[in-house]
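Each chain, written out:
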Amino acid sequence: MNVVFIIFWCKIYFMKTFILLSAVPGSGKSAWSEQYRLTHKNVFIVSSDALRKEIGGACNNLNHEQEVWARFLLDIKKIRDAHEDVTVIGDSTNIYNKFRKFYAENLDGFDKKVLVVIRKDLETVLRQNKVRNPEKIVPEEAIKKMWNDWEDPDDEVKSLFDKVVVVDKWFDTPDVKEEFYFE
């Protein structure tokens, strides 16, 4: 009886959660991640921009993409394996369903997988991009292309995540407040 209780107790209180962000550059993914990290315990952010800077010297250096994406996946797994109770946020654009599907299918060992889709109008994204840290500014044409190429999560992708949260405004979406406790 005590062994069953301990296993049940651990399952409730120790959980490994993966949050995959999906948004065009300038939408607020990194700001969202940092706000979440500051308001929750045991949160780690794996950022493709941070990895680009570490590997290639600059957030906008795209010359080492194979290494960046290999490290992105590896770092998420290392953090997952090093902690009993942890949330890992994958901070990258993931504008295509094939990438959302890839991470959902290749990151086993998480008790919960959440897809957070941040959608803002193009004018807002372009305006926010201009006031970012200069090394993180993305050329407007690249943002416009990504905006036009954007794929909404399809039913197959949605089925691979335990929850899909769409953020239309900065933390104003009721699901975000309920799920992530923002006031």
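Residues numbered from 1 in each chain as written. Predicted model: local features only at pLDDT ≥ 70, side-chain atom pairs only at ≥ 80, totals over all residues. Heavy atoms only, no water.

**Side note on the sheet that holds strand E2 (residues 43–47)**
In step 1: Strand order in the open sheet formed by five strands is E2-E3-E1-E4-E5, with parallel pairing between adjacent strands. A strand with exactly one partner marks an edge of an open sheet, and here the two such strands are E2 and strand E5 (163–167). Between one strand axis and the next, the sheet turns by 20° as a mean value, whatever way the strands run.
In step 2: Strand direction decides the pairing type here: strand E1 (residues 16–22) and strand E3 (residues 86–91), joined by five bridges, are parallel. Looking across to E3, one finds that Thr-17 is bridged to Thr-87.
In step 3: The strands that helix H3 (residues 48–56) touches are E2 and E3; relative to E2, the one it contacts most, it runs at about 60°.
In step 4: Strands in contact with helix H4 (residues 65–82) are E1, E2 and E3; relative to E3, the strand with the most contacts, it is inclined by about 170°. (Pairing = 2+ DSSP bridges. Helix = DSSP H or I, 4+ residues; strand = E, 2+ residues; numbered from the N terminus. Axes fitted to C-alpha atoms, helices over the stretch in contact; angles between N-to-C directions. Contact = heavy atoms within 4.5 Å.)

**Considerations on the pattern of salt bridges**
In step 1: What the rule picks out here adds up to 13 salt bridges.
In step 2: For Glu-34, the salt bridge goes to Arg-37, with nearest N and O atoms at 2.3 Å. Note that Glu-34 and Arg-37 are positioned in helix H2 (residues 29–39) at a spacing of three residues, about one turn of the helix.
In step 3: When its relative accessible area of 31% is taken as the criterion, Glu-34 is described as partly exposed.
In step 4: Residue Asp-75 is joined to Arg-71 by a salt bridge in which the shortest nitrogen-to-oxygen separation is 3.1 Å. Here Asp-75 and its partner Arg-71 are both found in helix H4, four residues apart, which amounts to about one turn of the helix.
In step 5: By relative accessible area, Asp-75 is classed as buried at 15%.
In step 6: Residue Arg-71 is classed as partly exposed on the basis of its relative accessible area, which comes to 22%. (Salt bridge = Lys/Arg side-chain N within 4 Å of Asp/Glu carboxyl O. Buried < 20%, exposed > 50% of the residue type's maximum accessible area, 1.4 Å probe, protein only.)

**What about the nonpolar core?**
In step 1: Residues Phe-18, Val-46, Ile-76, Val-88, Tyr-103 and Leu-107 are the most contacted members of the largest nonpolar core, which totals 26 residues.
In step 2: Listing elements by their share of this core, those giving two or more residues are E1, H3, H4, E3, helix H5 (97–106), strand E4 (112–118) and helix H6 (122–130).
In step 3: Ranked by the residues each element gives to this core, the list is headed by H4, at five residues.
In step 4: Ranked by size, the runner-up nonpolar core spans 12 residues in total, among them Ile-19, Val-43, Ile-118 and Val-165. (Core = buried A, V, L, I, M, F, W, Y, C linked by side-chain atoms within 4.5 Å.)

**Concerning the layout of surface pockets**
In step 1: The calculated volume of the largest pocket comes to roughly 880 Å³.
In step 2: Every residue lining the largest pocket is counted, 35 residues in all, and those nearest its centre are Pro-25, Asp-49, Arg-52, Thr-93 and Met-146.
In step 3: Listing elements by their share of the lining of the largest pocket, those giving two or more residues are H2, H3, H4, H5 and helix H7 (140–149).
In step 4: Ranked by residue count, the leading element in the lining of the largest pocket is H7, at four residues.
In step 5: Counted by class, the lining of the largest pocket contains 14 nonpolar, 11 polar and 10 charged residues. (1 Å grid on protein atoms, 1.4 Å probe; cavity = no way out; pocket = protein on both sides within 12 Å on 5 of 7 lines; lining within 4 Å. Points joined across faces, edges and corners; volume = space filled by probe spheres on them. Nonpolar A, V, L, I, M, F, W, Y, C, P; charged D, E, K, R; others polar.)

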